[in-house]
Amino acid sequence: MKPAPFRYIAASSVDHALALKAEHGDEARFLAGGQSLIPAMNFRLARPSVLIDINGLGELAGVERSESGEIRIGALTRYHSLERDSRFLTDCPLFADALPHIAHPQIRNRGTIGGNLSHADPASELPAIAVGMQARMRIRSAIGEREVPASEFFQGLLTTDIQNDEMLVEIAFPPPTGRTGACFMEVARRRGDFALAGVAAIVTIDAEGRCSQLRLALCGVGDRAVDASAAAASLIGQPCAGEVIETVAAEVQGMIDPPGNVHASPDYQRHIAGVLAQRAISAAFSRAGHAA
Amino acid sequence: MQPERHDIELSVNGTTCRRTVESRILLSDFLRHDLGLAGTHVGCEHGACGACTILFDGAPIRSCLMLAVQANGHELSTVEGLAGNDGELHPIQQAMHDHHGLQCGYCTPGILMTMTAYLKQNPQPSEHEVREALSGNLCRCTGYQNVVDAMLAAAQTLRAAP
């Protein structure tokens, strides 16, 4: 239950961190909040020979807004600082809903947005939210920078598009359009446990209150965050009505292939996903109606 | 591989400490073995139980999920720093005593550190909020009821304190 030996280097700048990563490749890991990496090292499931501590790199932390209303979150931003940022929570209600579900207060004081997304745990809330909100992931290496849509960033269980010499430095969300409401819900065995299933719904309505766009993403029901927006076809152009939302939920249930775990069978996960989809869509509709 | 060592300087309960630590030493083990502050308990070592909770720059964290070398230049508080120099218990400790908020006591230091910070941030919590705040600290003896009672009483004492 103790980490294997490694070399520890506190990076002095992002360039320094990236140069070290280029030098050491997959032998090296970035240490951000450490709330997934350190337990893996304690169990020796992870044995990096070099640990590049990026906690001193303040330029990677914080929330910024562009003139167009795009929101950018630095990779080193900790959950807790988002929880205290009332403007951010108002702008990103999915985060307001989801943050309290992420582990426990002690973990949220350390854990970071970039660490979570780079870890790509399929049961985690944030990958589903990034997919739902169509986030763009900004990735840097010593030799350049690129952007990847969230839908292509997550490639499987604990696997992302990040290459051995790269770091996720920021995620950006497109500005909200029109009358939009969003809601995230999940079911876990206990407070702070991994979700058995979770649903993020983003509903945009037109002047008559009919759905013009619905984004749906799920966590905990596959090997990565699942984009289930295609299930929403029957709701487009419709007002918020129970039967249509039930149809969408049934579509969602048909689209997913939950793996099951010690707490829930695949059938139970599918059931939960359907119920949560109905509730999250209804809540998002109602919030869209109240949006200015 | 030769153990790689680092010189660190940090403040623990207001006292400055300088030590040389191996990179892989967890902060929890550093506190217990290097500083002799064995009040910080080690339970699960993967962030699930909360027994090793300490304050890192004032915020509760799991000390088993940090490296000692990361504490360089930071301020830590552990359960040893709660009581006064004359041995007088902190109101939160006194309340745990009065309300029988512990049996075996293994989880207690983590609960005390979590709730010391929480009651500063929310001096008048509801019972529900106290239970939420305690959600990251496992206790297998008490069933939590007496811990919750103790925390509500401690909140009242702390509010009345000058």
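All values reported here derive from a predicted model rather than from experimental measurement.

Asker: Tell me what's going on with the domain arrangement of chain A, and back it up with residues and numbers.
Answerer: Residue and element names in this part refer to chain A. Along its sequence, chain A is organised into domain 1 (7–53), domain 2 (58–173) and domain 3 (179–287). Distance between the C-alpha centres of domain 1 and domain 2: 19 Å. Around 1200 Å² of area is buried between domain 1 and domain 2 when both sides are counted, 66% of it from carbon and sulfur atoms. Looking at the side of domain 1 facing domain 2, the largest losses of area belong to Val14, Leu18 and Gln35, adding up to 44% of the total buried there.

Asker: Outline the domain arrangement of chain B, supporting the account with residue identities and numerical values.
Answerer: Buried accessible area, meaning the area lost when the parts come together, often serves as the stated size of an interface. All names here are of chain B. Per the domain assignment, the segments of chain B are domain 1 (5–81) and domain 2 (91–160). Spacing between the C-alpha centres of domain 1 and domain 2 amounts to 22 Å. Facing 17 residues of domain 1, the contacting portion of domain 2 comprises 12 residues. Between domain 1 and domain 2, roughly 1100 Å² of surface is buried when both sides are summed, and carbon and sulfur atoms account for 62% of that area. Contact with domain 2 buries surface across domain 1, with His41, Thr53 and Val79 losing the most and accounting together for 39% of the total. Run the count over domain 1 and domain 2 and you get 0 salt bridges. Run the count over domain 1 and domain 2 and you get 5 residue pairs in polar contact (both at pLDDT 80 or more). Per-element accounting of the side of domain 1 that touches domain 2 gives the leading share, 3 residues, to strand β3 (residues 53–56). Here the residues of the side of domain 1 that touches domain 2 sort into 8 nonpolar, 8 polar and 1 charged.

Cut-offs applied
- Residues numbered from 1 in each chain as written.
- Chains lettered and ligands numbered in written order.
- Predicted model: local features only at pLDDT ≥ 70, side-chain atom pairs only at ≥ 80, totals over all residues.
- Heavy atoms only, no water.
- Domains from an automatic or database assignment.
- Buried area = accessible area lost by both parts, 1.4 Å probe.
- Contact = heavy atoms within 4.5 Å.
- Salt bridge = Lys/Arg side-chain N within 4 Å of Asp/Glu carboxyl O.
- Polar contact = N/O pair within 3.5 Å; in protein donor to acceptor, adjacent residues only side chain to side chain.
- Helix = DSSP H or I, 4+ residues; strand = E, 2+ residues; numbered from the N terminus.
- Nonpolar A, V, L, I, M, F, W, Y, C, P; charged D, E, K, R; others polar.

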